[in-house]
Amino acid sequence: MRKFSILLLLCTLMLCLAACGNQGTTDDDIVGDDWRTWGTIQDTGTLTHDGQMIDVCICITDTGADLYYDRAEQELYATVQFPVPLDSAASRYQGTDYSDLDGDGNSDLQMSFDQDGEYVTYVWYWNTVRGEFMDTLAD
């Protein structure tokens, strides 16, 4: 009887462990497989371009910023360049405003950075013809 009880207990334990095992996990479920989990994103936001709302992730470098679609696959949407390199730009980053500054119905970018206690804001306008952000208004 004692052997039977031990065997029953072991079977129950194995069933419990099996129930806690892999539940059909796919590669998409693996932590770290989604590029957004890597810790390289400084901000997220929503742009409006050509009447469409576009969710983006912002990755800051010392020379500019890359805007990626906010999706599991890392796909570049746009890039902006700083007028001059900014040392440790990612740690100085304060935020982005996506307001339509020129009234064309498209989001523009205003990125703010802390430079030794003072805020510096860089501005880029969306150029519909070229399909890119530019640091000046252009035809």
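Our structure's up above, just so we're on the same page.
Residues numbered from 1 in each chain as written. Predicted model: local features only at pLDDT ≥ 70, side-chain atom pairs only at ≥ 80, totals over all residues. Heavy atoms only, no water.

Time to look at the nonpolar core. Counting 23 residues, the largest nonpolar core has Ile60, Leu109, Met111, Phe113 and Phe133 as its most contacted members. Ranked by residues supplied to this core, first place goes to strand E2 (residues 52-60) with four residues. (Core = buried A, V, L, I, M, F, W, Y, C linked by side-chain atoms within 4.5 Å. Buried < 20%, exposed > 50% of the residue type's maximum accessible area, 1.4 Å probe, protein only. Helix = DSSP H or I, 4+ residues; strand = E, 2+ residues; numbered from the N terminus.)

Read across the open sheet, the four strands follow the order E1-E2-E3-E4; overall the sheet is antiparallel. Pairing within the sheet leaves two strands with one partner each, and these edge strands are strand E1 (43-49) and strand E4 (76-81). Taking the axes of each pair of neighbouring strands and ignoring which way they run, one obtains an average angle of 30 degrees across the sheet. Inspection of the sheet shows E2 paired to strand E3 (residues 64-69) by five bridges, in the antiparallel sense. (Pairing = 2+ DSSP bridges. Axes fitted to C-alpha atoms, helices over the stretch in contact; angles between N-to-C directions.)

A separate point is the sheet that holds strand E8 (residues 132-134). With respect to topology, four strands assemble into an open sheet ordered E5-E6-E7-E8, the strand pairing being antiparallel. Each of the sheet's edge strands pairs with one partner strand only, and the pair in question is strand E5 (93-97) and E8. Mean inter-strand twist for the sheet, computed between neighbouring axes without regard to direction, equals 30 degrees.

This paragraph deals with the packing of aromatic side chains. Any aromatic ring pair is given by two values, namely how distant the centres are and how the planes are angled relative to each other. On inspection of all chains with the given rule, the structure shows ten aromatic pairs. Where Tyr69 meets Tyr77, the ring centres are 5.1 Å apart and the plane angle is 80 degrees; that geometry is what we call edge-to-face. Seen from their ring centres, Tyr122 and Trp124 are 6.2 Å apart, and the 50 degrees between their planes marks the pair as tilted. Each member of the pair Tyr122 and Trp124 is classed as buried. Members of the aromatic cluster, joined through ring pairs, are Phe82, Tyr93, Phe113, Tyr122 and Trp124. (Phe/Tyr/Trp six-rings, centres within 6.5 Å; stacked < 30°, edge-to-face > 60°.)

Below, the discussion takes up the pairing of E3. Most of E3 sits inside the fold, with five of its six residues counted as buried. Taking the residues between adjacent antiparallel strands as the criterion, E2 and E3 are bridged by three residues. Note that E3 and E4 share five bridges and pair antiparallel. Looking at the pairing, Gly64 lines up with Gln81 of E4. A loop of six residues connects E3 with E4, the two strands running antiparallel in sequence.

Attention shifts here to the pattern of salt bridges. Close approach of charged atoms allows side chains of opposite charge to pair. One pass over the structure, following the stated rule, counts four salt bridges. Close ionic contact of Arg36 with Asp70 constitutes a salt bridge, the shortest N to O distance being 2.8 Å. Of this pair, Arg36 sits in the loop between helix H1 (2-19) and E1 while Asp70 sits in the loop between E3 and E4, and the two are 34 residues apart along the sequence. Each of Asp34, Arg36 and Asp70 takes part in one network of salt bridges that share partners. (Salt bridge = Lys/Arg side-chain N within 4 Å of Asp/Glu carboxyl O.)

Moving on to the side chain of Asp108. Within the secondary structure, Asp108 sits in the loop between E5 and strand E6 (109-115). It is Arg130 that comes nearest to the buried, bridge-free Asp108 among opposite-charge side chains, at 13 Å. Among the polar contacts made by the side chain of Asp108, one reaches the main-chain amide nitrogen of Leu101 at a distance of 2.8 Å. One polar contact links the side chain of Asp108 to the main-chain amide nitrogen of Trp126, over a distance of 2.7 Å. Discounting chain neighbours no more than four positions away, the residues touching Asp108 are Asp97, Tyr98, Ser99, Asp100, Leu101, Asp102, Trp124, Tyr125, Trp126 and Phe133. (Lys, Arg positive; Asp, Glu negative; His and termini not counted. Polar contact = N/O pair within 3.5 Å; in protein donor to acceptor, adjacent residues only side chain to side chain. Contact = heavy atoms within 4.5 Å.)

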